[in-house]
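These are the residues of each chain, in order.
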Amino acid sequence: MSGADHERNAPTRRQVVKFSFYRIDPAWRLLPPKGRREAKRDLCRAVEAFGDRLLVRSYSLVGMRGDADFLLWQIGERLEDIQEMATAVFASDMGPYLSVPHSYLAMTRRSTYVTPKDRDAPTSRDTTLNPSDAKYLFVYPFVKTRAWYKLPKDERQRMMNEHIVTGRRYPSVKLNTAYSYGLDDQEFVVAFETDEPSDFLDLVMELRETEASAHTLRDTPIFTCIAVSLRQALDNLGAPGDTVRAGAPHEPAAGGGWARVASADDLTESASKVVYFGGDQVALFNVGGNVYAVSNRCSHAGGPLAEGKVEGTLVTCPWHGSRFDLASGKPEGGPATKPVGTYRVKVEGGAVFLATSEVAAAKSGRFSTEARRTSERPT
Ligand code: FES
């Protein structure tokens, strides 16, 4: 087996991906203000309790579509976590008024149509989704015709190359592809992120003219979603101001202090672990009893740092070999030139905590020059 084949066939970490579109019963708006307020807070608490297991992004569809009011985009490791969060949502005080008119379940996997020269492209190797902080998200299910699968692979590859080249003409639009074969009704769920809805419109128009488009069986319904905090999404349902405050789109729940993200037992000596925190994926490393937390997204092209080799306090990105200092986030070699964000960590009572007040700064790498480690050993 060639090195390329081995790399292609190597086991990869796969994620489960869920798009749950919720609709609110208009009867909820007739509740007394206190009842509405408490229901919103209860739902926020229910969702935020899953912050260490699921990456949850919230979007408002109020005014965009008539059949859905908000979206919770969930990314995690286990189907059970998705189910437990759905259960918690319906068990909240808001639950009796919520329905799910659209729901899409999928998983990540490596792209089928990757050419050798694309092998280093992040979209070709990545089996983890890393949503950006774009303002808009466009989601739809996607199904190919059965005739498509009967075409020779070379012919499909040729058509997909045209499709891929068209997409690259719109760098402001980021595509997140998840696969549903056998899991759900559609074959793919595609989610495009951008700050420019007009760029997405132009991209879709161009894609319709590609040869591959003739082999599309279904690509509707399409959902136009606006990124907001969950609090804001709930305020958009009516009775604005009922919630405590409207935070930044992907701000974590807690106002300040520390948030528990993992059990220290899960982070034994020399182990690494990915956790979901503040709408970001964070890689935890236990190096000689000290725990470090950095963004799991390499600043070069998004490689998963949690899967990198650690020597001393340096982690090497598994994709192209950039090395980062775990304490400062600074690049110490390789193609990366920008730091990765770091988080303050503490280990207490058998649990790992991250500082909630620094999420936005860590995501931007602002704290990258400061040491971020704990002196306490996980127990
Ligand atoms: S993604 Fe290229 S070095 Fe990390």
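For the structure, check the block above.
All figures in this text were calculated on a predicted structure; none of them were measured in a lab.

Calculation criteria
- Each chain carries its own residue numbering, running from 1 in the direction its sequence is written.
- Local features are withheld for residues below a pLDDT of 70 in this predicted model, meaning they are given only at 70 or higher, and side-chain atom pairs are given and counted only at 80 or more; totals for whole chains, interfaces and linings count all residues.
- Hydrogens and waters are ignored; side-chain quantities use all the structure's heavy atoms.
- A simple rule labels every residue: compare its accessible area, found with a 1.4 Å probe on the protein chains alone, to the largest value its type can have, and call it buried under 20%, exposed over 50%, or partly exposed in between.
- Comment: elements are numbered from the N terminus, with helices defined as DSSP H or I runs of at least four residues and strands as E runs of at least two.
- Strands are treated as partners if at least two bridges between them are detected by DSSP.
- By nonpolar core we mean a set of buried residues, namely Ala, Val, Leu, Ile, Met, Phe, Trp, Tyr and Cys, connected to one another through side-chain atoms within 4.5 Å.
- Contacts: residue pairs with any heavy atoms within 4.5 Å of one another.
- For salt bridges, the criterion is a side-chain nitrogen of Lys or Arg within 4 Å of an Asp or Glu carboxyl oxygen.

Asker: When you look at the pairing of strand 20 (residues 351-355) in this model, what are you seeing that I'm missing?
Answerer: For a regular strand, side chains alternate in direction, first toward one face of the sheet and then toward the other. With five of five residues buried, strand 20 is to be regarded as a mostly interior element. Burial along strand 20 is two-sided: Ala351, Phe353 and Ala355 and Val352 and Leu354, pointing in opposite directions, are all buried. The pairing of strand 10 (residues 258-263) with strand 20 spans five bridges and is classified as antiparallel. Bridged to Trp258 within strand 20 is Ala355. Hairpin geometry of strand 19 (residues 345-348) and strand 20 is characterised by an intervening segment of two residues between the two adjacent antiparallel strands and by a positive phi of about 55° at Gly349.

Asker: Please explain the nonpolar core as it appears in this structure.
Answerer: Side chains of nonpolar character tend, in soluble globular proteins, to be buried together. Within the largest apolar cluster, 25 residues are counted, with the highest numbers of intra-cluster contacts made by Leu43, Val47, Phe70, Leu72, Met94, Leu98 and Leu234. Taken together, the elements giving at least two residues each to this core come down to strand 1 (16-24), helix 2 (33-48), strand 3 (70-76), helix 3 (79-91) and helix 8 (230-235). Element by element, the count of residues in this core is highest for helix 2, at five residues. Leaving out residues up to four positions away in the same chain, Met94 has contacts with Ile24, Trp28, Ala39, Lys40, Leu43, Leu234 and Leu237. In terms of nonpolar packing, the next biggest core, distinct from the first, is built from 22 residues, Phe19, Ala68, Leu71 and Cys225 among them.

Asker: Where do I start with the pattern of salt bridges in this structure?
Answerer: Pairing of side chains with opposite charge becomes possible as their charged atoms draw close. Following the criterion strictly, the structure yields 16 salt bridges and no others. Taking the shortest distance from any N to any O, the salt bridge between Arg260 and Asp52 comes out at 3.7 Å. Placement of Arg260 in strand 10 and of Asp52 in the loop between helix 2 and strand 2 (55-60) is noted, with a sequence separation of 208 residues between them. For Arg260, a relative accessible area of 43% gives the class partly exposed. Here Asp81 makes a salt bridge to Arg53, at a shortest N to O gap of 2.8 Å. Separated by 28 residues along the polypeptide, Asp81 in helix 3 and Arg53 in the loop between helix 2 and strand 2 bring together distant segments of the chain. Through salt bridges with shared partners, one network takes in Arg53, Arg78, Asp81 and Glu84.

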